[in-house]
Amino acid sequence: MKHTVYWIEGDGIGPEIWKVTRPVLDAAMQAATDGEEELEWVELLAGEKATRLTGSPLPQETLDTLKTASVAIKGPLGTPVGGGMRSLNVAMRQAFDLYACIRPVSWFEGISTPVKHPENVNMVIFRENTEDVYAGIEYQAGSAEAEKLAAFLRSEFGAKIREASAIGIKPMSAFCSKRLVRRAIRYALDHHLPSVTLVHKGNIMKFTEGGFRAWGYEVAREEFGDVTIPEKEATPENSKGKIIIKDRIADAMFQEALLRPEQYSVLALPNLNGDYISDALAAQVGGLGMAPGVNMSDTLALFEATHGTAPTAAGKDIANPGSLLLSGALMLEHLGFAAAADKVRQAILKAIADKTVTPDLAAEMPGAQAVSCSKFGEILLENIR
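Residues numbered from 1 in each chain as written. Predicted model: local features only at pLDDT ≥ 70, side-chain atom pairs only at ≥ 80, totals over all residues. Heavy atoms only, no water.

As a further point, take the overall build of the protein chain. Along the backbone of the protein chain there are 13 helices and 15 strands. Computed over C-alpha atoms, the radius of gyration of the protein chain comes to 22 Å, within 12% of the 21 Å expected from 2.2 N^0.38 for 385 residues, which places it in the range of a compact globule. By its C-alpha atoms, the protein chain is 70 × 60 × 45 Å across when sized along the principal axes. If you sum the accessible surface of the protein chain, you get close to 18000 Å²; carbon and sulfur atoms cover 53% of it. Considering the protein chain, the positive charge centre built from 39 side chains and the negative charge centre built from 49 side chains are found 4 Å apart. (Helix = DSSP H or I, 4+ residues; strand = E, 2+ residues; numbered from the N terminus. Rg over C-alpha atoms; globule rule 2.2 N^0.38 Å. Areas by Shrake-Rupley, 256 points an atom, 1.4 Å probe, with all protein chains shown as cover. Lys, Arg positive; Asp, Glu negative; His and termini not counted. Charge placed at Lys NZ, Arg CZ, Asp CG, Glu CD.)

If you want it as structure tokens, here you go:
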């Protein structure tokens, strides 16, 4: 049986890490299913390759195809310089309402990290993907729009705004906040995890970030009241078998992530907070080069490398394909092939244990042998077979 997966090569190091990732995923499927199940790859164009071949960085054909797709995977995409859309990644997330950016963060034994106990970091981040700064409205300092808006805010609401200020507005709604938290709670239920933590700056921004917190508790109370309990009400007796709903101020959460990471399993965050904590937690387990991710709507799951295009490394065969490989493993799980996903992860773990890794990892591992991106792929294929 074949399972259709749409793929986008990506920019910068995208072609190199994709050339490694696809054969590894195919080999894992072959080994896990004895060849009875396989992936049918269909390429879609986006980014520099799309611009070169079609004149558009995001062709209509790609948009039309993904509207009816259920699974896709992509390498990193650059942002057009000198005009056009602010970000291809953001444009795709908004076009397909990929409202949940989901990133599992855990340590691969053997990888050097800047913290003493990276093994204690085992969290899944649910970052809201469509509002907050991603839907931000802003006007340049000194522009007619900024001056007009500032004058309105001063006259109508008594706002205190300095002259020649840039102004930004970030919308956050109950609808988008609730569906993100709803998904996070369902994930915790499905994976038998003990808590969901709402991370916000509601002590200062009381109606946007504070709204996210309030709406999150509302979802837990009204839709999952029989299986969740707020942390402030929880006791060892009444919380047994229930998911504890916590909330933390965003800056305090960064400290918690360093000092007490074992106390957190699922985090639900607005967009900007989620952006910050995703990279910070990845750093605690070895960096973005080993961080998988997926952006999901209710119909489409778009798996992707979480790092950028790394243009200075492009074409040198030195890039670490780990993020895309592990995103591919997430995709295999999503498709129902957990055994194949495990083969990908075990192949990577063996390569790390053998200390045959790409230069970025080798630089932090005493005694490791640095191998090229393509050689690393060959090693993984051998480990699987």
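So, next bit.
What follows covers the nonpolar core. The biggest cluster of nonpolar side chains holds 73 residues, and the ones touching the most others in it are Trp41, Ile73, Val196, Met331, Leu332 and Ile348. Counting residues per element, this core draws most heavily on helix H1 (residues 14–33), at eight residues. The residues contacting Leu332, other than those within four sequence positions of it, are Leu25, Met29, Leu39, Phe337, Ala338, Ala340, Ala341 and Val344. Core analysis: the next-biggest nonpolar cluster, separate from the first, contains 17 residues, Tyr6, Leu63, Ala72 and Ala91 among them. (Core = buried A, V, L, I, M, F, W, Y, C linked by side-chain atoms within 4.5 Å. Buried < 20%, exposed > 50% of the residue type's maximum accessible area, 1.4 Å probe, protein only. Contact = heavy atoms within 4.5 Å.)

What follows covers the sheet that holds strand E3 (residues 71–74). Strand order in this open sheet of eleven strands is E2-E1-E3-E13-E12-E4-E5-E11-E8-E10-E9, and the pairing throughout is mixed. A strand with exactly one partner marks an edge of an open sheet, and here the two such strands are strand E2 (38–43) and strand E9 (228–230). The sheet shows a mean angle of 25° between the axes of neighbouring strands, taken without regard to direction. Bridging between strand E4 (residues 100–106) and strand E5 (residues 122–128) involves seven bridges; their strand directions are antiparallel. If you follow Cys101 over to E5, its bridge partner there is Arg127. Contacting strand E8 (195–200), E9, strand E10 (243–249) and strand E11 (266–269), helix H7 (residues 209–223) runs over the sheet at an angle of about 160° to E8. (Pairing = 2+ DSSP bridges. Axes fitted to C-alpha atoms, helices over the stretch in contact; angles between N-to-C directions.)

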